[in-house]
Amino acid sequence: MSSLESNSPLAEPSSSKSDEPWNNWPNDKGFDPEYEQREPVELSVTGHIPAYAAGVLYRTGPGKSQVETEDGQLFQLTHWFDGFTQTHRFQIISTDTQTRVVYNSRFSTDAAIDFVRKTGRFGRFGFGQEADPCKSVYSQFQSEFSSATPPHSDVNYPNIGVTLSINMPGLDPHPEGQDRWNGIQNLYAKTDYNAFKKLDPETLEPIGLAQQGDLHPDLTGPISASHARSDPITGDVFNFNLSVGKTSTYRVFHVSASTGKTTILATFSGVPAYIHSLFITEDYVLLCVWNSHVDITKSGKMSVTYSILPPDASEPATWYVVDRKNGQGLVATYESEAFFCFHTINSWQEPSKEDPKNFDIVADLVRYDNSDFIHALLYERLKSSLPSAKEFAANRDAESRSTITRFRLPDMSTTPTSEIKKATIEWSAAKSLSPELPVMSTKFVTRQYRYLYSTTWRGESTLTDGIMKFDCDKLESSLWACHGHSPGEPIFVANPDGVSEDDGVLLSVVLDGVEGTSYLLCLDAQTMAEVGRANVNGAVGFGFHGQHVPIVGLPTGDY
């Protein structure tokens, strides 16, 4: 492994000016975190951001975890995934002489924050927050986005903000006939529930709510994947919907980008599980029900976090292969050893190693041995200023680390089969870097690729401490890191004139742990060297995922 250290001042994570540096803007910078939005402001740029990166980088995730109530108490959320959503927009403007960056942000949960301020209660179902003791996990899932239950019907109430979709098909059957900004017809935020929140692409104001039932009447289950998958050529979107009960039913579906029509590709029963992402290949949708099985019968102070059962090594993960082109439905089922995962990376088809008449499916993902990492994301374990966070970080062991893992589903045939076959691990790598939030060039989705990028956790912070480039051919990695600086998910922006897969830049929002401020970092994706940055006069909410919209062309949707 090679390492590239930035030239930024070194900083200890615990020396931040704020007790919650990734959730609060320092008040001495003139910004109260309770304000609903940050008006556009131009950032100071140092170094160079190439002209082909011009466009807009959207980011979303938690922007606030504490609310002062009207009776003077401090309400504190429990889990990072439940933080009140804030969306961020970095507009990169390139001219002949310079590159400018303009930043604005907005909370999209004003009604939920106001409810907490007035009542001192969360008032909704959360991922890790203690829930209503009289309801099961399933009943809370079902009621969370019921439009008949005020104040949930208020567009500013549901906390939807894990991933973002540009020009999501099917939800706007009658577009206005003109783009709102640079080819963007709509911007939707998504989560692991059956829900979408429509945002204004410029102001980021919430302007609508939708459910998967608006795409197709059979998509009534409460659970889905935040990370739908888009075909890199057509823009068609693929996801699943899970109905939970005595018999739990998975429905894998397809939304056509050209017609907006939604088709159910396959319906089958299975063990209910928390599944954050899935795969597509050129001809198939690949849904892996890994070992995050959910016990929906539990009641008490329950949430998704505590309803997920620990992986049982005797219970295999199940891989469902669904035909997405010829209407054959579920065509194959595989089993592999037990594991847990948040994020898939890529999958593709190649000639079979066992029978040249058939083919294999290869699938890469970020793999954990167990689901303990979910519990590492409690706020008390993330805020580096807290003794509990420092103690937890010091005692984390190798079992909590992740790897890049390649699975192989061998000997696939175009003829459907009911035989349960064996999926195997081809290799597993980068455990010392514990990668997460993986990205790659979207040009290589459904194709064999070489390079991926991710954040790292090497034990030098409570969450992230670097950005990794991983070479899948050589199983080698290189690293950008600056001690005390915590980067968010890197977004790969390809050079349109480039000839190699890694010709482009990475954009990441980084928290400077010394100053308590953030900056938009631009790295050369080939060398992992910093080429430029745009400095924010405050801290940007440390969020989950984002999308880059270039001036020329559009992203293919979900990744």
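Reading the values: the criteria
- Residues numbered from 1 in each chain as written.
- Predicted model: local features only at pLDDT ≥ 70, side-chain atom pairs only at ≥ 80, totals over all residues.
- Heavy atoms only, no water.
- Helix = DSSP H or I, 4+ residues; strand = E, 2+ residues; numbered from the N terminus.
- Buried < 20%, exposed > 50% of the residue type's maximum accessible area, 1.4 Å probe, protein only.
- Contact = heavy atoms within 4.5 Å.
- Areas by Shrake-Rupley, 256 points an atom, 1.4 Å probe, with all protein chains shown as cover.
- Salt bridge = Lys/Arg side-chain N within 4 Å of Asp/Glu carboxyl O.
- Pairing = 2+ DSSP bridges.
- Axes fitted to C-alpha atoms, helices over the stretch in contact; angles between N-to-C directions.
- Core = buried A, V, L, I, M, F, W, Y, C linked by side-chain atoms within 4.5 Å.
- Phe/Tyr/Trp six-rings, centres within 6.5 Å; stacked < 30°, edge-to-face > 60°.
- Lys NZ or Arg CZ within 6 Å of the ring centre and 35° of its normal.

Draft legend 1. View of the overall build of the chain. Looking only at helices and strands, the chain has five helices and 35 strands in total. Across the 559 residues in the chain, those meeting the buried criterion constitute 62%. Put simply, of all contacts in the chain between residues at least 6 apart along the chain, 64% involve residues at least 24 apart. For the chain, the accessible surface area stands at approximately 21,200 Å², while carbon and sulfur atoms represent 47% of it.

Draft legend 2. Spotlight on the pattern of salt bridges. Evaluation of the coordinates by the stated rule reveals 23 salt bridges. Taking the shortest distance from any N to any O, the salt bridge between Asp114 and Lys118 comes out at 3.1 Å. One end of the pair, Asp114, and the other, Lys118, are both in helix α1 (residues 110-119), four residues apart, so they sit about a helical turn from each other. Take Asp114: its relative accessible area is 28%, and that puts it in the partly exposed class. A residue is classified by how much of its surface remains accessible, and Lys118, at 54% relative accessible area, is exposed. Of the charged contacts, one joins Arg367 and Glu337 as a salt bridge, the two residues approaching to 2.8 Å between their closest N and O atoms. In this pair, Arg367 is assigned in strand β22 (residues 359-368) and Glu337 in the loop between β20 (330-336) and β21 (340-351), connecting sequence segments 30 residues apart.

Draft legend 3. A look at the sheet that holds strand β9 (residues 187-190). With antiparallel pairing, four strands are arranged side by side in an open sheet as β8-β9-β10-β11. Each edge of the open sheet is held by one strand with a lone partner, namely β8 (163-166) and β11 (206-210). Across the sheet, the axes of successive neighbouring strands diverge by a mean angle of 30°, strand direction being ignored. For β9 and strand β10 (residues 196-199), the ladder comprises four bridges, and the chain directions are antiparallel. What sits directly across from Leu187, in β10, is Leu199.

Draft legend 4. A look at unusual backbone geometry. Its identity is not glycine, yet Asp411 carries a phi of approximately 55°, on the positive side. Note that Asp411 resides in strand β23 (residues 403-412). One non-glycine residue with positive phi stands out, namely Thr446, at about 75°. Mapped onto the elements, Thr446 comes out in the loop between β26 (436-439) and β27 (451-456). Look at Thr446 and you get buried, because its relative accessible area is 14%.

Draft legend 5. Structural view of the environment of Gln66. One can find Gln66 in strand β4 (residues 66-68). Taking the C-alpha atoms as reference, Gln66 lies 6.4 Å from Leu77; in sequence the two are eleven residues apart.

Draft legend 6. Representation of α1 in the model. Among the residues of α1, those classed as buried are Ala111, Ala112, Ile113 and Val116. Those residues of α1 that are buried lie in contact with β3 (55-64), β4, β5 (74-76), β6 (84-94) and β7 (99-107).

Draft legend 7. Up close: the nonpolar core. Tyr250, Trp319, Val321, Phe339, Ile404, Met412 and Phe470 are the most contacted members of the largest nonpolar core, which totals 88 residues. When residues in this core are grouped by element, the largest group, seven residues, is from β22. Judged by nonpolar contacts, the second largest core, of 18 residues, contains Ala53, Ile491, Leu520 and Val536.

Draft legend 8. Highlighting the pairing of β6. Most of β6 is tucked away, with nine of its eleven residues classed as buried. Examined bridge by bridge, β3 and β6 share nine bridges and lie antiparallel to one another. What sits directly across from Tyr58, in β6, is Arg89. The pairing of β6 with β7 spans nine bridges and is classified as antiparallel. Of the residues in β7, the one forming a bridge with Ile93 is Arg100. Here β6 folds back onto β7 in antiparallel fashion, the turn holding four residues.

Draft legend 9. Spotlight on the packing of aromatic side chains. Under the definition given, this model contains 28 aromatic pairs. Between Phe84 and Phe122, the aromatic rings sit 6.3 Å apart at their centres with planes inclined by 65°, giving edge-to-face as the arrangement. In this pair, Phe84 is assigned in strand β6 and Phe122 in the loop between α1 and α2 (137-144), connecting sequence segments 38 residues apart. Take Phe84: its relative accessible area is 1%, and that puts it in the buried class. On the accessibility criterion, Phe122 (7% relative accessible area) is buried. An aromatic cluster is defined as three or more aromatic residues linked by ring pairs; in this entry it consists of Trp80, Phe81, Tyr274, Phe340, Phe342, Tyr368, Phe373, Phe542 and Phe544. The cationic tip of Arg447 hangs over the ring face of Phe444; the distance from NZ or CZ to the ring centre is 4.4 Å.

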